[in-house]
Each structure stands twice: as C-alpha cells, then as structure tokens.
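Single-letter residue listing:
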Amino acid sequence: MKTHVKGRLMPALLILLAGCAGLPEAVRELPPAAGAVELVDVPFYAQDRYQCGPAALTTVLEAGGADVSLQDITRKVFIPGRKGSLQLEMLAATRTSGRLPYLIDGTLSALHAELRAGRPVVVLQNLGVAAVPRWHYAVVVGIDIADESIILRSGTERRRITPIRLFLRTWARGDFWGVTALRPGQLPAGVDRERYFAAVAGLEQAGMPAEAALGWAAALERWPQHPTALFGLANAHLASGDNVAAERGYRELLELAPGLAVARNNLAFALARQGRHDEALQQVERALAATDDVDLVRVLAETKDEILSLAD
C-alpha cells in the first residue's frame, strides 16, 4: 500500500506569533567590573584579498566544532563578481555546515556574553566612510573593558587590538551586524525568542530536520508548550520520517490551539504516511471548517485530493 504523501507541508515559520525583532542600534557600555575575556584557542585564517568573509566564517565554524574547510566555505560564500561575500550567503553556509546562525544584539553586552559562553562572533565593519565604504568581516575573540579594547581575528593579523570606540564606529557603519554559530540545541547567551525561532525555522527550510529538531527541543525546554516550537518539532519529526512522533507533536499542539488549520494539514500528512487515510481526511475536513484563508484552503484541497488518490 502506498503511504507516501508529497503535498505541501506548512512550515513552522508561518505560525511565528510575532515578527523577528529588529536588532537594537543603541550600544550599551559595559562597566569595568564586567572583566576581560579572550578566546585564545580560536583558530586563525589569514585573509587573502576580498576573502575576509570565508576566512571569518571558517574561523567561527571551526571554533564551534564544525567539520569545515576554508576552501569549502569559500565556494559557498564568495561571489567573484562582487569581490566579496553577502550576509545571506554567510548565514546559509552556516546552516549547511550544521550550525545555527544567530544574529546577536548589536551591543557590547551581547558580544561579551557570547564570548563568556565560549563563542566568537563574526561582525561586519565598514572600514571606510559612508561615501566610500570598505566592507570587512572580522571575528571578535576578546573584550577588555578596563583597557577599552576589542581583540579581533582580522585580515592578516591573528590578534588585532582595536580601541573600543574605533571598533564601535566601524561596526555601527555595518548596522551592528554580528552573528554567532550555535551547535544545534544550544541557546545563545542573550536569547531573543522570536529571533531564535526564525533561526531554527531557517534550518527547517534548509532541509536539515535533525538539526532543526534539536533546536526546537531546546526551545521547548526554555519555553514549554510554545505553539511555534511544538509545530516546528513536529515538522522536523515528519521530515525525518518519524511519523508517529510527528503525529504526537501535532496532537499536543492542537490540544492547545484546536483551530490551527495548518497543524491539522500537517497532521493529515503524518496520518496518511501511516496508511490511516480516513483519519487523515477527517483532519483535512476539520481544517477546512476552521479557516477561510484562500491560500490555505487551496493547500488543504490539494492535500485532500492526494490522500483520496492514495486511498483508492
């Protein structure tokens, strides 16, 4: 009996209860009591011209235990026509390397917290001026508040010591963009819930269900029974072929939100893949009765047609 259903799964990102929080632009000063921190064992890759993106990302990924090479990361992120790397490519390459890219708050406090947790941070700087930008990726490996300095892996320098005020000026021109690479299942030191959910959903969309499942499980430990995390974990189970665990997850979510039609759509998939076509069709009908969203109704109709074809 055929039980494979190819129809459209609704991703967890659709039920994020709020949009991704914007990164704050205000940079808070840290008191001297915050102390100095430096990750001395972070690797270093001297950057060839225009290769700061691949070198910085490889540094952070390797520091987090990912099995990567500079050559592989260069192929993924370097764009010859632009003579550099775009942020989107940097984030995508982090995911395909088995790590979760998390955009930190653009503050000294956030940098300090990640370093204290043992994670270096890739930052985007503009070393030129607004009219003539000179974009550059570097890796923050240390902060010494008392000495008012930032320690970077940058360019051809393994340990570039930069005054904090100068660093902040160049970082501000890059909109305080900074990203750390989390092992799946880790939470960042200063976690923004919606931003973390969006990051894990990115793993789901990148076709990495096992890694996404670890991320959603960590989210549920921090925010028990949160609908987005429940939905995401069930989706990850379904994508991994664990239909029983997926069914259990969707049912737990529907106990909290019975009118969530997207969850019923995906529950129908989990049931159909177990050969339980009648139960799957019942879930589709309940979902259709619970929504008047035109796009979702179309998806549910497609799901119903496919299940009927399998049941014949």
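The rules we used
- Residues numbered from 1 in each chain as written.
- Predicted model: local features only at pLDDT ≥ 70, side-chain atom pairs only at ≥ 80, totals over all residues.
- Heavy atoms only, no water.
- Phe/Tyr/Trp six-rings, centres within 6.5 Å; stacked < 30°, edge-to-face > 60°.
- Buried < 20%, exposed > 50% of the residue type's maximum accessible area, 1.4 Å probe, protein only.
- Helix = DSSP H or I, 4+ residues; strand = E, 2+ residues; numbered from the N terminus.
- Pairing = 2+ DSSP bridges.
- Arc of directions from axis to C-beta.
- Contact = heavy atoms within 4.5 Å.

K.L.:
Explain the packing of aromatic side chains here, please?
P.N.:
Centre distance and the angle of the planes are the two values used to describe a pair of aromatic rings. Considering all chains together, one arrives at seven aromatic pairs under this definition. Ring centres 5.3 Å apart and planes at 85° place the aromatic pair Trp171 and Phe176 in the edge-to-face group. For Phe176, a relative accessible area of 9% puts it in the buried group.

K.L.:
Before we go on, may I ask you to explain the pairing of strand β4 (residues 135-144) in this structure?
P.N.:
As a general feature of sheets, a regular strand has side chains that alternate between the two faces. For β4, the buried fraction is high: eight of the ten residues fall into the buried class. Judged from the three bridges that link them, strand β1 (residues 36-38) and β4 form a sheet pairing that is antiparallel. Paired with Glu38 across the strands is Gly142, a residue of β4. Across five bridges, the pairing between β4 and strand β5 (residues 149-154) is antiparallel. Residue pairing in the sheet places Asp144 in a bridge with Ser149 of β5. Taken together, β4 and the strand that follows it, β5, pair antiparallel across an intervening segment of four residues, in which Glu148 is found at a positive phi of about 55°.

K.L.:
Help me understand helix α2 (residues 70-77), please; the structure alone is not making it clear to me.
P.N.:
Because an α-helix packs 3.6 residues into every turn, residues spaced three or four apart end up facing the same way. The set of residues buried in α2 consists of Ile73, Thr74 and Val77. The buried residues of α2 all sit within an arc of 105° when viewed along its axis, so they share a single face. When the buried face of α2 is taken as reference, the exposed residues oriented beyond 90 degrees from it are Gln71 and Arg75. Those residues of α2 hidden inside the fold are in contact with α1 (52-63) and α3 (87-96).

Bear in mind that shape data such as this cannot, by itself, settle questions of function.
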